[in-house]
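Coordinates in review
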Amino acid sequence: MAEELTPENPANPENPETEAEEPGKQRKNGLYPGVSDELAESMKSGWADTELYDLEPIAQAAETAARRAALSARFPGERLVIPAGNLKTRSNDTEYPFRASVEYTYLTGNQTEDGVLVLEPKGDGHTATIYLLPRSDRENGEFWLNGQGELWVGRRHSLTEAGKLYGIPASDVRELAGALREATGPVRVVRSYDAGIEAALTDKVTAERDDELRVFLSEARLVKDEFEIGELQKAVDSTVRGFEDVVKVLDKAEATSERYIEGTFFLRARVEGNDVGYGSICAAGPHACTLHWVRNDGPVRSGDLLLLDAGVETHTYYTADVTRTLPVNGTYTALQKKIYDAVYDAQEAGIAAVKPGGKYRDFHDAAQRVLAERLVEWGLVEGPVERVLELGLQRRWTLHGTGHMLGLDVHDCASARVESYVDGTLEPGMVLTVEPGLYFQADDLTVPEEYRGVGVRIEDDILVTADGNRNLSAGLPRRSDEVEEWMAALKG
């Protein structure tokens, strides 16, 4: 990694107005003593015009416009401020990869750090402006002396280009904080993404009003439009190919560790999408009983199960979330198959309960009933089943809820009201996971020894349709015999 000329990034995420104030400030341990006047003058000129003149709007421009219109209608007469967020330091002068806030991305399609969408009240509606950093300044040297200048991190769109792409007039974000300080009238802001913007509004906003804005934007995402459904299907299709990649290299994972599985899936995610949608869970053997096992540093052994919970995130941030529990050697043992088939039957019951007009909770209740019945049948918990469910006794081994909404976040719509989400009714266009599991911890003395260390989860991404549901991840086999046949074919 090349050493920058500046001591650190001059751009201050808490105050974008300071961008490039001192673009030539010397790094403490830099190898160059400074910038000569002659070099500075040379760097100002001799550059070709790279403005892009024939840009077309992004694919979801019509959808983002409709989303902004719905937001405008909900909060008439109020200024609405939705930030993308800022870069976060990973260590010293390196940053984490940036991912814009889902609220900002949902309303603009833009993914640029420091961006802010502002809806200014006008008449019966609002006028929207997207505030961004303009092209790097060549006159003052910011483009090559600033750690976030374009020579270091790549070209960014001009404000004119951004306006064409996103269908929103674009302005310089460095002027926004000052303008917001002078603003009058009611204001709402999506909090926790941009401290500088929040500071500029500190005497104008209330936590209650801001929470109402976040809740509305979370609930707006409960029903996906056609663009979103298409992106989720893309994410799932890439995820299916990622699972196939993993099966083909299980012998290499046995020779190394779970990290080989993680790296194999990550390659597919980066080649076909933006990233993984969440930390991949590559849990072999007893690690499958740890729900969010993301250390992925354990051994992969023939005879054990591999619980792979992973999802590709598309370039537009929509993520899949799929789980399969696979026999490392390609064949389930009798006990593994018994447990796996119980989870499969529970998932079948859960998926069948996903339909328009049904209660959100129905799929969870249906799956939990099947698992409770099996636990009673196997003698692991005392029945009757109704007693087990009433007391939640099955949860010692089922542990988690049976699913969640899916979209721009892997656990999407998390700020929605309970009555709109968990206590709500399913509608066409909703996308959710159905993912029952059974987990017998390695130190659980209440079950026979052969159960201990066995964990199984099966998870699919389900779209609610007008007449029922569609399994977006049906490209991956689920039934135990089909899984074995699929693995054998992939291993060739």
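Residues numbered from 1 in each chain as written. Predicted model: local features only at pLDDT ≥ 70, side-chain atom pairs only at ≥ 80, totals over all residues. Heavy atoms only, no water.

The protein chain appears in an unreviewed UniProt entry as Xaa-Pro aminopeptidase from Streptomyces olivaceus. In UniProt, the protein chain has this text filed under Catalytic activity (unreviewed entry): "Release of any N-terminal amino acid, including proline, that is linked to proline, even from a dipeptide or tripeptide." (UniProt positions renumbered as here; feature names shortened; annotations may be inferred.)

1. Some words on the sheet that holds strand 17 (residues 468-471)
Ordered by their spatial adjacency, three strands build an open sheet running 13-16-17, and the pairing between neighbours is antiparallel. The open sheet has two edge strands with one neighbour each: strand 13 (431-434) and strand 17. Neighbour to neighbour, the strand axes of the sheet diverge by 40° on average, direction disregarded. Relative to strand 16 (residues 460-465), strand 13 is paired through four bridges, and the arrangement is antiparallel. Residue Val431 lies in a different strand from strand 16, and its bridge partner there is Leu463. (Pairing = 2+ DSSP bridges. Helix = DSSP H or I, 4+ residues; strand = E, 2+ residues; numbered from the N terminus. Axes fitted to C-alpha atoms, helices over the stretch in contact; angles between N-to-C directions.)

2. Some points on the pattern of salt bridges
By the definition in use, this model includes 34 salt bridges. Ionic pairing is found between Lys44 and Glu139, a salt bridge with its closest N-O pair at 3.5 Å. With Lys44 in the loop between helix 1 (37-42) and helix 2 (61-74) and Glu139 in the loop between strand 5 (125-132) and helix 4 (142-145), the pair connects residues that are 95 residues apart, well separated along the chain. For Glu139, a relative accessible area of 53% puts it in the exposed group. Here Arg221 ties to Asp412 by a salt bridge, and the two come within 3.1 Å at their closest N and O atoms. Taken together, the residues Arg221 in the loop between helix 9 (207-220) and helix 10 (226-248) and Asp412 in the loop between helix 16 (395-398) and strand 13 connect sequence positions 191 residues apart. With a relative accessible area of 3%, Arg221 lands in the buried category. On the basis of relative accessible area, Asp412 is assigned to the buried category, the value being 1%. The network of salt bridges with common partners includes Arg221, Lys224, Asp409 and Asp412. (Salt bridge = Lys/Arg side-chain N within 4 Å of Asp/Glu carboxyl O. Buried < 20%, exposed > 50% of the residue type's maximum accessible area, 1.4 Å probe, protein only.)

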